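Report on the structure
If you want the building blocks of each chain, they are given just below.
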Amino acid sequence: MPSTTIAVAPGLSSFLKDMKNHAVDANIEHFISLLKRRQIRNSRPCAIATATLLRNVVTEFREKDVVKLLDRIRRVGQRLTAAQPREMAVGNIVRRVLGLIREIAEEGADADNSDAGQFSPPHLTQTHNDSLHRPALSSHISTMSPLRHVATQPQENTFHRSESSTSSEGTDEREDGLGALPRRPPLSTSLTSGAASSANTSLFGLLSSVNTPSPMATPPAGYQTPNSTGKPTLTAHNLTGLGDSSLSYKNIKDDVYQGIDELLDELDQVDEQIAAYALDHIHSNEIILTHTSSQTVQKFLLTAAKKRKFTVVHAEAFPNDHDDTHATIMTGRKGADEESDTNDFFKPLTAAGITVILIPDSAIFAIMSRVNKVILATHTVLANGGLVAAAGARMIAKAAKMHQTPVVVVSGVYKLSPVYPFDVEELIEYGDAGKVVGYDEGDLVEKIDVINPLFDYVPADLVDLYITNL
């Protein structure tokens, strides 16, 4: 008899299995194609796939230079982010890995300096386009932005410090011959020492300048000083020097690998960590309104159901998430979705003794007057405090605002993004319009434009509380 093979749909689980049998570059191309075809979607599957891929990149990296490793991770992250910009969890994970490498490299540099037993003063020069410093503003800024008037190109300046460049009467002579610059008056010694000066016996004398310079005074621009521990500031030059020792780089590589493993463990435990706060926010005999089939919300409600008795009103989120919502209510988990690849299993709320009422989206405003609390999941939390959530979340939040009902959002920290919503339309993804109006309605489809947004932008003023896993 011919052997029967079961075709596995491309997704998170198949990608993680195939990753072990292919090279890193092939896995990068595969993940990019999955992101573009939307076969891996939603925040958590994208975050897990990104962290696992970057762990392989670190493992296969053969150079002994931390700066080159940072550049490698950065270039891979740029390609992944460009493949699907609306999946901001990808960029968030890349930034966390970059920060992890910098932190471990800085600790390694501090350990090397402490082993040397002496402090070598840092260079008094500024490196052009140093990867560890904030990049200069681009000159290609929109004419409508006020930042255009202050954007400048980085200059090749070299700063030197000598004792003869400082005058004795509160001014500093500039080396470019442009005259004298006023020096900032030093802080009073009474602010930095335990003994107060006899001259400053009241609050009115705290801002008076004294002749004794303060050790906390701000140094001139371009002069790099050691940090509070007496060790040099981390620069790209110091990072490059770490590659001279294969042992130190091996330790850094092992620490980075372990740090990414801890990041993956955090992604697996984020629901349990958020659910630990459930009893502080859900009380007995309350009516809770929720939306979509978020497993984070389900775990949050199940944890509260162990000691509380309440009612859950569940909006079905038609037409994009209603099938998964029905499956979550009946079985406790989604249907055919990427998040089911994580092998998480939650029993339904009804099995925990909770009354669940499924309502259409059109009935949300009518029932909001009876609701005590709204609990929503999110796709991304933006820099201004707003969020991108499943379509219908903004309608629920505005109805709750009208009825003075608190809105609580549960989100893992991996969803916190530094992106600011300058253009809200760029954040919204649109799906199949045929789910709203069938293509068999030919006469109607030809006369109207049908759109099907998958996400909504919810402003920060419509959210009362965020609950994270920290």
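As the structure is a computational prediction, the values presented were derived from the model and not from experiment.

With that settled, consider the overall build of the chain. A tally of regular secondary structure across the chain gives 14 helices and eleven strands. Taking all 470 residues of the chain together, 41% fall into the buried category. Split by element, the accessible area of the chain, about 26500 Å² in all, is 53% carbon and sulfur.

Let us now look at the pairing of strand S6 (residues 373–377). Burial analysis of S6 places five of its five residues in the buried class, which makes it a mostly covered element. Of the pairings in the sheet, the one linking strand S3 (residues 287–291) to S6 comprises three bridges and is parallel in character. The partner of Leu 289 across the bridge, within S6, is Val 374.

On to the pairing of strand S8 (residues 387–390). Across two bridges, the pairing between strand S7 (residues 380–381) and S8 is antiparallel. The residue of S8 that forms the bridge with Thr 380 is Val 388. As consecutive antiparallel partners, S7 and S8 are separated by five residues, and within that stretch Gly 385 has a phi angle of approximately 95°, a positive value.

Turning to the sheet that holds strand S10 (residues 455–458), a few remarks are in order. If you trace the three strands from one edge of the open sheet to the other, you get S7-S8-S10, paired in antiparallel fashion. Edge positions in the open sheet fall to S7 and S10, since each of these has one partner strand only. As paired strands, S8 and S10 are joined by four bridges and run antiparallel to one another. Note that in S10 the partner of Val 388 across the bridge is Tyr 457. Strands in contact with helix H13 (residues 393–402) are S8 and S10; relative to S10, the strand with the most contacts, it is inclined by about 35°.

In this structure, Ile 73, Leu 301, Phe 310 and Ile 375 are the most contacted members of the largest nonpolar core, which totals 64 residues. If you look at the next biggest cluster of nonpolar residues, it comprises 21 residues, including Val 371, Ala 397, Val 407 and Val 463.

The six strands are arranged S5-S4-S3-S6-S9-S11 in an open sheet whose pairing can be described as parallel. Two strands bound the open sheet, and with one partner strand each, they are strand S5 (355–359) and strand S11 (465–467). This sheet shows a mean twist of 25° between the axes of neighbouring strands, independent of strand direction. Examined bridge by bridge, S3 and strand S4 (residues 311–315) share five bridges and lie parallel to one another.

Here the focus is the confidence of the model for the chain. Per-residue confidence for the chain gives a mean pLDDT of 76, with 66% of residues at or over 70. Low pLDDT, under 50, characterises residues 118–181; the predicted model gives this stretch 72 contacts beyond four residues in sequence or across chains. Confidence drops under pLDDT 50 across residues 337–344; counting only partners more than four residues distant or on other chains, this segment forms 21 contacts.

Turning next to the packing of aromatic side chains. One pass over the full model with this rule turns up two aromatic pairs. Aromatic pair Tyr 420 and Phe 422: ring centres 4.8 Å apart, planes at 45°, arrangement tilted. Of the residues examined, Tyr 420 reaches a relative accessible area of 43% and is grouped as partly exposed. Assessed through its relative accessible area of 74%, Phe 422 is described here as exposed.

Turning to helix H10 (residues 295–305), a few remarks are in order. The element H10 is largely enclosed, with a buried count of ten among its eleven residues. Within H10, burial applies to Gln 295, Thr 296, Val 297, Gln 298, Phe 300, Leu 301, Leu 302, Thr 303, Ala 304 and Ala 305. Where H10 begins, one side-chain oxygen reaches toward the backbone nitrogen of Thr 296, 3.3 Å away; that side chain belongs to Ser 294.

On to the pattern of salt bridges. Under the definition given, this model contains 13 salt bridges. The partner of Arg 75 in a salt bridge is Asp 71, and the shortest N-O contact between them spans 2.9 Å. Pair noted here: Arg 75 and Asp 71 are both in helix H4 (residues 66–83), with a separation of four residues, about one helical turn. A salt bridge links Lys 373 to Glu 286; the nearest nitrogen and oxygen atoms lie 3.2 Å apart. Of this pair, Lys 373 sits in strand S6 while Glu 286 sits in the loop between helix H9 (278–281) and S3; the two residues are 87 residues apart in sequence, bridging distant segments of the chain. For Lys 373, a relative accessible area of 10% gives the class buried. Glu 286 sits in the buried class, given a relative accessible area of 12%. Within the structure, one salt-bridge network assembled from shared partners comprises Arg 38, Arg 41, Glu 87 and Glu 429.

It is the contact of helix H2 (residues 24–36) with helix H3 (residues 43–60), at a shortest axis distance of 10 Å, that shows an interaxial angle of 165°. On the basis of the axis angle, H2 is roughly antiparallel to H3. Handedness of the crossing formed by H2 with H3: left-handed. On H3, the residues that touch Val 24, Asn 27, Ile 28, Phe 31 and Leu 35 of H2 are Cys 46, Ala 49, Thr 50, Leu 53, Asn 56, Val 57 and Glu 60.

We now examine H13. Residues Ala 393, Ile 396, Ala 397, Ala 399 and Ala 400 constitute the buried set of H13. Angular distribution of buried residues about the axis of H13 spans 165°; they occupy a single face of the element. Check the buried side of H13 and you find it contacts S3, helix H12 (364–367), S6, S8, strand S9 (407–410) and S10. Two residues or fewer past H13, Gln 404 is found with a positive phi of approximately 55°.

Thresholds, definitions, all that
Throughout, a residue's number is its position along its own chain's written sequence, starting from 1. At least 70 in pLDDT is required for a residue's local features to be given in this predicted model, at least 80 for side-chain atom pairs to be given and counted, and no such filter applies to totals for whole chains, interfaces and linings, which use all residues. The basis for every side-chain value is the complete set of heavy atoms in the structure, and neither hydrogens nor water enter the calculation. A helix here means a DSSP run of H or I that spans at least four residues, while a strand means a run of E at least two residues long, and both kinds are numbered starting from the N terminus. Burial classes: relative accessible area under 20% of the type maximum marks a residue as buried, over 50% as exposed, and values in between as partly exposed (1.4 Å probe, protein chains only). Accessibility throughout is a Shrake-Rupley quantity obtained with a 1.4 Å probe, and a residue counts as covered only by protein chains that appear here. Being paired, for any two strands, means DSSP has found at least two bridges between them. Every residue pair with non-hydrogen atoms within 4.5 Å of one another is taken to be in contact. Only C-alpha atoms enter the line fits that serve as axes; for helices the fit covers just the stretch in contact. Angles between N-to-C directions range over 0 to 180 degrees. For this analysis, a nonpolar core means a set of buried residues of the types Ala, Val, Leu, Ile, Met, Phe, Trp, Tyr and Cys, connected via side-chain atoms within 4.5 Å. Per-residue confidence from the predictor is given as pLDDT, running between 0 and 100. Pairs were defined over the aromatic rings of Phe, Tyr and Trp, the Trp ring being its six-membered one, requiring ring centres within 6.5 Å. Orientation was assigned from the angle between planes: stacked under 30 degrees, edge-to-face over 60, tilted for the rest. In the analysis that follows, any N or O atom pair within 3.5 Å is treated as a polar contact, provided that within protein one partner can donate a hydrogen and the other can accept it, and provided that, for residues neighboring in sequence, both atoms belong to side chains. Throughout this description, the term salt bridge denotes a Lys or Arg side-chain nitrogen within 4 Å of a carboxyl oxygen of Asp or Glu. Throughout, the term roughly parallel applies to angles under 35 degrees, roughly antiparallel to angles over 145, roughly perpendicular to angles from 65 to 115, and oblique to all others. The sense of a crossing depends on the near helix, which, turned anticlockwise from the far helix by less than a right angle, makes the crossing left-handed and, turned clockwise, makes it right-handed. The arc in question is the one spanned by the directions pointing from the helix axis to the C-beta atoms.

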